[in-house]
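Summary of structural features
Below are the chains, spelled out letter by letter.
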Amino acid sequence: MLDEVYPQLSAVAIGRGVATGELSAAEVIEAALRRIALVDDTVRAFREVWADEARATAREIDRRRSSLPLAGVPVALKGTEGTTSEQAQRLVAAGCVPVGLTSTPGPGTDWQTWGWTDRGPTLNPWDHELVPGGSSAGSAVAVATSMVPLATGSDGAGSIRIPAAWCGVLGLKLGNGRVPARDRAGLNAGGAFARHPEDLTAYFEAVVGPVPVVGKPLRVMWSEDLGFATTSPEVAAAARDELNRLVAKGVLEVVPGEVELADPASVWTSLREGGGDSRSLNDERLRRIFETVELIATPTTPNRAHGHDGPGETYSVALTWAFNLSGHPAISMPAGLLDGVPTALQLVAAHENEAALLMVVRN
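All values derive from a computational prediction rather than experimental measurement.

**As for unusual backbone geometry**
Backbone torsion omega between Gly134 and Ser135 reads 10 degrees, so that peptide bond is classified as cis. Relative to the helices and strands, Ser135 resides in the loop between strand E5 (120-121) and helix H5 (137-144). Phi is positive for Asp339, which is not a glycine, with a value near 50 degrees. Mapped onto the elements, Asp339 comes out in the loop between strand E12 (330-338) and strand E13 (341-349). Assessed through its relative accessible area of 70%, Asp339 is described here as exposed.

As structure tokens, then:
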């Protein structure tokens, strides 16, 4: 039965199988719906599941014998975007089948690293006492628990990268402007979650276009704090260990240097609240760095995943939101476990160089 292998299938493998007739879109969607029914009552990743609509779409894909690159691939859509976002529409055009809306934070807290459903909060699949990260909480959990191989997110301060880090999956934030921003400040960038690196490449090709070839090794500059954050030593060590692994494989080459940025907190907040435009805060510093290297590496978050009572005084976005102001693409990739819960390495690339990020995670 497909149920036994479905949790391991990549989006690329599903699309290839449907295109060749080895799989039918209808049977893939049934496997996804059974997986959701089995798992989601525990972790609460979905706000809505669209079983009837997904079945109808899958049947139509099979009827047309679609050879689209992502034909029949179950995709979860972030609850604040749904089918109206540009990236969702482009994924559907590439053959993806939306199976439901995922959770995002509800009212009641200033911090946004959690998800809300009418059944209760979304739970971190690695430890239910912890939040999954947010605001794309449900999308990260849906991918981490193999309910879907691919899910959309949006990232205005770290809302893809943080849940990717704490749920142990890949999370790509596109460069600003790749898809239309869905906030008036223009801080919010589209992106996606996946378990398999090739699926992020397929997402990018469907949403943006062809991925240029990038050679290796790529030069990278490391910073555990960007010059202002207070990063937990064990979180920094885990991220640095993952960076060292990539260096040992010949994927990256560390270039000595300091990444000293200005803390974006006040500027980001002012922009989000409709204040003056100072988004160029760190632009000149970053321009100089990217003249020397292709990538900046940091821990994705300065802290571990926190409990449902909140992060305390820690800003979980401290290492991510500067790159929403600057508009650079970034990715979170798993960097092992700390006491059984994932932590992650963040890589940031020059403008319009998502290809560098995608090359690294494929290696």
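**Comments concerning the packing of aromatic side chains**
What the rule picks out here adds up to 3 aromatic pairs. When the centroid spacing of 5.3 Å and the interplanar angle of 40 degrees are considered together, the rings of Trp268 and Trp321 count as tilted. Of this pair, Trp268 sits in helix H9 (residues 265-272) while Trp321 is found in the loop between strand E11 (295-299) and helix H11 (322-326), placing the two residues 53 residues apart along the sequence. Trp321 matches Trp268 in its accessibility class, with the two residues each being buried. For the ring pair Tyr315 and Trp321, a centre distance of 5.9 Å and an interplane angle of 35 degrees mean the geometry is tilted. By relative accessible area, which is 54% here, Tyr315 ends up exposed. In this structure Trp321 comes out as buried when scored by relative accessible area, which is 6%. Clustering of aromatic rings is evident, with ring pairs tying together Trp268, Tyr315 and Trp321.

**Things to note about the layout of surface pockets**
In this model, the largest pocket occupies a volume close to 740 Å³. What lines the largest pocket is a set of 31 residues, and nearest its centre among them are Asp110, Gln112, Ala157, Trp268 and Val317. Among the secondary structure elements, those contributing two or more residues to the lining of the largest pocket are strand E6 (150-155) and H9. Partitioned by chemical class, the residues of the lining of the largest pocket number 9 nonpolar, 14 polar and 8 charged. In terms of lining, the second largest pocket is formed by Phe228, Ala229, Thr230, Asp263, Ala265, Pro302, Glu313, Thr314, Tyr315, Ala318 and Trp321. Considered class by class, the residues forming the lining of the second largest pocket number 7 nonpolar, 2 polar and 2 charged.

**A short note on the nonpolar core**
Within the largest apolar cluster, 84 residues are counted, with the highest numbers of intra-cluster contacts made by Leu252, Leu295, Leu345, Leu347 and Val360. Per-element tally for this core: the top contributor is helix H2 (residues 25-43), with 9 residues. Excluding residues that lie within four positions of it along the chain, Val360 makes contacts with Leu218, Leu246, Val251, Leu252, Leu295, Met333 and Leu347. Among the nonpolar cores identified, the runner-up in size contains 19 residues, and Trp166, Ala305, Val317 and Leu325 belong to it.

**With respect to the packing of helix H7 (residues 197-207) against helix H12 (residues 354-361)**
At their nearest, the axes of H7 and H12 sit 8 Å apart, and the two run at 155 degrees to each other. With respect to H12, the element H7 is oriented roughly antiparallel. For the pair H7 and H12, the crossing hand works out as left-handed. When H7 is examined against H12, the residues Pro197, Leu200, Thr201 and Phe204 are found in contact with a partner set consisting of Glu354, Leu358 and Val361. Of the residues assigned to the contact of H7 with H12, the class counts are 5 nonpolar, 1 polar and 1 charged.

**Structural notes on empty space enclosed by the protein**
The tally for this structure, following the rule as stated, stands at 1 cavity of 30 Å³ or more. At the level of elements, helix H4 (86-93) and strand E8 (189-194) are the ones that each hand at least two residues to the lining of the largest cavity. Class assignment for the residues of the lining of the largest cavity results in 3 nonpolar, 5 polar and 3 charged.

**Topic: the packing of H2 against helix H3 (residues 51-64)**
At a closest axis distance of 7 Å, the pairing of H2 and H3 adopts a crossing angle of 160 degrees. Taken as axis vectors, H2 and H3 run roughly antiparallel relative to one another. Residues Ala25, Ala26, Ile29, Glu30 and Leu33 of H2 touch H3, and the partners they reach there are Ala51, Ala54, Arg55, Ala58, Ile61 and Asp62. Split into classes, the residues belonging to the contact of H2 with H3 amount to 8 nonpolar, no polar and 3 charged.

Cut-offs used in this document
- Residues numbered from 1 in each chain as written.
- Predicted model: local features only at pLDDT ≥ 70, side-chain atom pairs only at ≥ 80, totals over all residues.
- Heavy atoms only, no water.
- Helix = DSSP H or I, 4+ residues; strand = E, 2+ residues; numbered from the N terminus.
- Buried < 20%, exposed > 50% of the residue type's maximum accessible area, 1.4 Å probe, protein only.
- Phe/Tyr/Trp six-rings, centres within 6.5 Å; stacked < 30°, edge-to-face > 60°.
- 1 Å grid on protein atoms, 1.4 Å probe; cavity = no way out; pocket = protein on both sides within 12 Å on 5 of 7 lines; lining within 4 Å.
- Points joined across faces, edges and corners; volume = space filled by probe spheres on them.
- Nonpolar A, V, L, I, M, F, W, Y, C, P; charged D, E, K, R; others polar.
- Core = buried A, V, L, I, M, F, W, Y, C linked by side-chain atoms within 4.5 Å.
- Contact = heavy atoms within 4.5 Å.
- Axes fitted to C-alpha atoms, helices over the stretch in contact; angles between N-to-C directions.
- Parallel < 35°, antiparallel > 145°, perpendicular 65-115°, else oblique.
- Left-handed = near helix turned anticlockwise from the far one by under 90°.

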